[in-house]
Amino acid sequence: MIVAAALLGLCAGLRTFTAPAVLWLLRHPGPIAWSLAALAVLEYVADLHPNAPPRAGPMGLIARVCSGGFCGGALLALAGHSIVEGVVAGALGAIAGAFGGLWLRMHAIRIIGRVAAAVLEDALAIAASAAVVTWR
């Protein structure tokens, strides 16, 4: 389960609100889940703006680490495991996802363009988050 927490954190490193939105939509559908999903969609739109803040800057990285830690802790708590281990694994996964995603995004931009790279990253974050949350 600790690997799942780290992987979900990695997804949060790609997109701050995608991992918690997917986790809540699949595990606890309701108003909170839909609010997180709306924030994720707003993040996708904002990410396309040329003046979007950098994910590796202090604010972007802090948000991703908090999201990853939250998701990792929640995922392990839902499975009856240590919340602290989940928080740490998720936060570390988010750092890896933020910097690894940035590196991949820069390469993808050169190959397929800025907008296509952003949409591809969005799709990857959604699919990977869903795979981790439904992983048994």
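Residues numbered from 1 in each chain as written. Predicted model: local features only at pLDDT ≥ 70, side-chain atom pairs only at ≥ 80, totals over all residues. Heavy atoms only, no water.

Digging into the overall build of the protein
Here is step 1: Along its length, the protein carries 6 helices and 0 strands.
Here is step 2: Secondary structure elements of the protein, listed N to C terminal, follow the sequence α-α-α-α-α-α.
Here is step 3: For 136 residues, the compact-globule formula gives about 14 Å, and the C-alpha radius of gyration of the protein, at 14 Å, lands near that figure.
Here is step 4: Projecting the C-alpha coordinates of the protein onto the three principal axes gives extents of approximately 45 × 30 × 25 Å.
Here is step 5: Across the 136 residues that make up the protein, the buried fraction comes to 43%.
Here is step 6: Taking all contacts inside the protein whose residues are at least 6 apart in sequence as the whole, residues at least 24 apart take part in 72%.
Here is step 7: Across the protein, the 8 positively charged side chains and the 5 negatively charged ones have centroids separated by 4 Å. (Helix = DSSP H or I, 4+ residues; strand = E, 2+ residues; numbered from the N terminus. Rg over C-alpha atoms; globule rule 2.2 N^0.38 Å. Buried < 20%, exposed > 50% of the residue type's maximum accessible area, 1.4 Å probe, protein only. Contact = heavy atoms within 4.5 Å. Lys, Arg positive; Asp, Glu negative; His and termini not counted. Charge placed at Lys NZ, Arg CZ, Asp CG, Glu CD.)

Focus: the packing of helix α5 (residues 83–112) against helix α6 (residues 114–134)
Two measures define how a pair of helices packs: the angle their axes make with one another and the distance between the axes.
Here is step 1: Relative to each other, α5 and α6 sit at 135°, their axes nearing to 7 Å. Taken together, the axis directions place α5 and α6 in an arrangement best described as oblique. In terms of crossing hand, the pair formed by α5 and α6 is right-handed. Only Arg114, Ala116, Ala117, Ala118, Leu120 and Glu121 of α6 make contact with α5, whose side of the interface consists of Gly101, Arg105, Ala108, Ile109 and Ile112.
Here is step 2: The residue inventory of the contact of α5 with α6, partitioned by class, reads 7 nonpolar, 1 polar and 3 charged. (Axes fitted to C-alpha atoms, helices over the stretch in contact; angles between N-to-C directions. Parallel < 35°, antiparallel > 145°, perpendicular 65-115°, else oblique. Left-handed = near helix turned anticlockwise from the far one by under 90°. Nonpolar A, V, L, I, M, F, W, Y, C, P; charged D, E, K, R; others polar.)

Digging into a nonpolar patch on the surface
Here is step 1: A contiguous nonpolar patch, built from Val84, Val88, Leu92, Ile95 and Phe99 and spanning about 460 Å² of accessible area, is present on the exposed surface.
Here is step 2: Inspection of the secondary structure assignment puts Val88 in helix α5. (Patch = residues over 30% accessible without salt bridge, like charges linked within 9 Å, V, L, I, M, F, W, Y side chains within 5 Å. Areas by Shrake-Rupley, 256 points an atom, 1.4 Å probe, with all protein chains shown as cover. Salt bridge = Lys/Arg side-chain N within 4 Å of Asp/Glu carboxyl O.)

Some thoughts on the nonpolar core
Here is step 1: Within the largest apolar cluster, 19 residues are counted, with the highest numbers of intra-cluster contacts made by Leu8, Ala19, Leu23, Trp24 and Leu75.
Here is step 2: When contributions to this core are tallied by element, the ones reaching two or more residues are α1 (2–14), α2 (18–27), α3 (31–47), α4 (58–78) and α6.
Here is step 3: Those residues in contact with Leu8, other than ones at most four positions away along the chain, are Ala19, Leu23, Cys71, Leu75, Ser129, Val132 and Val133. (Core = buried A, V, L, I, M, F, W, Y, C linked by side-chain atoms within 4.5 Å.)

Some thoughts on the side chain of Glu121
Here is step 1: Its place among the elements puts Glu121 in helix α6.
Here is step 2: A polar contact is formed between the side chain of Glu121 and the side chain of Arg15, at a distance of 3.4 Å. (Polar contact = N/O pair within 3.5 Å; in protein donor to acceptor, adjacent residues only side chain to side chain.)

A word on α1
Here is step 1: Its 13 residues give α1 an end-to-end C-alpha distance of 19 Å, which sits within 8% of 18 Å, the value for a rise of 1.5 Å per residue.
Here is step 2: In this fold, the buried residues of α1 make contact with α2, α4, α5 and α6. (Expected span 1.5 Å × (residues − 1).)

Overview of the packing of α1 against α5
Here is step 1: Contact pair α1 / α5: the axes reach a minimum separation of 6 Å and the direction vectors enclose 40°. Of the possible angle classes, the one that applies to α1 and α5 is oblique. For the crossing formed where α1 meets α5, the hand is right-handed. On α5, the residues touching Ile2, Ala5, Ala6, Gly9, Leu10, Gly13 and Leu14 of α1 are Glu85, Gly86, Ala89, Gly90, Gly93, Ala94, Ala96, Gly97, Ala98 and Gly101.
Here is step 2: Broken down by class, the residue content of the contact of α1 with α5 amounts to 9 nonpolar, 7 polar and 1 charged.

Regarding α2
Here is step 1: Within α2, 7 of the 10 residues are buried, leaving the element largely enclosed by the surrounding structure.
Here is step 2: For α2, every residue scored as buried is listed here: Thr18, Ala19, Pro20, Ala21, Val22, Leu23 and Trp24.
Here is step 3: The secondary structure elements touched by the buried residues of α2 are α1, α3, α4 and α6.

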